[in-house]
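# Breakdown of the fold
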Amino acid sequence: MYQKIKGTEDLYGGEMKYWYWIEERARKLSLLYGFTEIRTPIFEDTKLFVRSVGQDTDIVQKEMYTFEDKGGRSITLRPEGTAPVVRAFVENGLITQGFPQKYFYIGPMFRYERPQSGRQRQFHQFGAEIFGSPSALADAELIAFVDRFLRDIGLVDFEIHINTLGDAEDRANYRQALREYYAQHLENLCDDCKARYERNPLRLLDCKVDVQYAEQAPKLIDYIGDSARKHYEELKSLLDALGIKYVEDPRLVRGLDYYNRTVFEVHHRRLGAMSAIAGGGRYDNLIKEIGGKDVPALGFAAGMERLILAIKAENVHVDDVKINEVYIAHFGGEEVKIEAMKLAQQLRREGIAVNLEIMERGLSAQLKNAARTGAKLCIIIGENEIEQDIVLVKNMETGQQLEFEKDFVVSGIKDLLAELE
């Protein structure tokens, strides 16, 4: 017996309503804000992620699914969405289409991590990228977009954290300050932090073990230059003007090397230690880093599994998927079957979800199945109904049964469903 691979999930049945709920609102809002969809391959050249995400990040060091294909090439299942979108932007010459350019994506990502609630080895993200603007206005627009998206899917109990990483020189000075500070605590650090001390000291601030040292560490904001500081102050002013609440978090650095200046994360208050549901920031040097021109950019991603946990934690009402508004039960000869199929097609053309009996069971069994599948109405067609040019319609909740002339059944069904909403 075959079983799913550890860290993956089968998604089906009632759980799917959460995915549709989020995806429909993500697409609708993205278009409203001027983003167009982009779909990139699930696997890429390994060097793309090593170059963009960073050789010394946990993703590259520990988490990537990398393999050699039959052509001897090193291939990696994408661990995040930004690098592939940037690669597509550069490779397809999209720079010629003017600025700004705004893209969104929805799809699976892959990281080899210890599976737990809200964190799978195959997980899914909704993300968006903006290319071309160095302005703090773009940062504020993106954060406002994220805030609106979370509210559109019904969430309220979340908190936006922001920080600035400054520019390259600022971070170099800060990394040196961190090394000097942590040097006196090196013997007491966890094994991961000892490695981070050498490879990427900014990641020391993210450690969930050595929290006491991070709390006393130098603050990045004290090493930010005038230009980046002005950008950060303008961002806060814009968010204040929009009425978007945020928390300044001096320990927020994000886990990817390509970030500069603005970084942000959204935390949900009811998810405990795994509270991050979205995050992003500015990556002004990434496009040039992977072979394109010098184009400023920024983006974010939200974890779909985490969003669903947050929706459930807040008891958000999520609409059921309309897969069975009407059930058509029929019994009799070939003519009855044909009429039942024609009526199903008519109703579907009107946008009504119809489940047509295809098992050829007795009427009693069909009615039981209509109830089991949650149909609101059940249409009953037999040979007598065909002769009289009528159909019977049963309200599955009240049991009330109505009779409609054949020519008026579609309009009658629409009226009944409208009354039941």
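Residues numbered from 1 in each chain as written. Predicted model: local features only at pLDDT ≥ 70, side-chain atom pairs only at ≥ 80, totals over all residues. Heavy atoms only, no water.

### Quick notes on the sheet that holds strand S8 (residues 247-248)
- Pairing in this open sheet of eight strands is mixed, and the strands run S1-S5-S6-S11-S10-S9-S7-S8 from one edge to the other. Two strands close off the open sheet at either side, each with one partner strand: strand S1 (36-37) and S8.
- Judged from the ten bridges that link them, strand S5 (residues 101-110) and strand S6 (residues 122-131) form a sheet pairing that is antiparallel. Looking at the pairing, Gln101 lines up with Phe131 of S6.
- Its contacts with the sheet put helix H5 (residues 136-152) on S5, S6, strand S7 (158-164), strand S9 (260-268), strand S10 (276-282) and strand S11 (297-303), and the angle it makes with S11 is roughly 15 degrees. (Pairing = 2+ DSSP bridges. Helix = DSSP H or I, 4+ residues; strand = E, 2+ residues; numbered from the N terminus. Contact = heavy atoms within 4.5 Å. Axes fitted to C-alpha atoms, helices over the stretch in contact; angles between N-to-C directions.)

### Side note on the packing of aromatic side chains
- Evaluated as defined, the whole model comprises 15 aromatic pairs.
- In this structure an aromatic cluster arises from ring pairing among Tyr33, Phe35, Phe104, Phe126, Phe145, Phe149 and Phe300.
- Positioned over the ring face of Trp21 is Arg25, at 3.4 Å from the centre of the ring.
- When the ring centre of Tyr112 is taken as origin, the NZ or CZ atom of Arg121, which lies over that ring, is 4.0 Å away. (Phe/Tyr/Trp six-rings, centres within 6.5 Å; stacked < 30°, edge-to-face > 60°. Lys NZ or Arg CZ within 6 Å of the ring centre and 35° of its normal.)

### Here's the deal with a nonpolar patch on the surface
- On the surface, Tyr20, Val321 and Ile323 cluster together to form a nonpolar patch covering roughly 280 Å² of accessible area.
- Mapped onto the elements, Ile323 comes out in the loop between helix H11 (304-313) and strand S12 (326-331). (Patch = residues over 30% accessible without salt bridge, like charges linked within 9 Å, V, L, I, M, F, W, Y side chains within 5 Å. Areas by Shrake-Rupley, 256 points an atom, 1.4 Å probe, with all protein chains shown as cover. Salt bridge = Lys/Arg side-chain N within 4 Å of Asp/Glu carboxyl O.)

### Side note on the pairing of S5
- In terms of residue burial, S5 counts as a mostly covered element, since nine of its ten residues are buried.
- As paired strands, S1 and S5 are joined by two bridges and run parallel to one another. Each bridged residue has a counterpart across the sheet, and for Glu37 the counterpart in S5 is Phe104. (Buried < 20%, exposed > 50% of the residue type's maximum accessible area, 1.4 Å probe, protein only.)

### Comments concerning unusual backbone geometry
- Going from Phe99 to Pro100, the amide bond is cis rather than trans, its omega being 0 degrees.
- The residue Pro100 is located in the loop between helix H4 (82-91) and S5 in this model.
- Backbone geometry at Asn315 places phi at a positive 55 degrees, although glycine is not the residue there.
- Here Asn315 is to be found in the loop between H11 and S12.
- Judged by relative accessible area, which is 66%, Asn315 ranks as exposed.
- The phi torsion at Glu360 lies on the positive side, around 55 degrees, for a residue other than glycine.
- Positionally, Glu360 belongs in the loop between strand S13 (354-356) and helix H13 (363-372).
- Given the relative accessible area of 55%, Glu360 is considered exposed.

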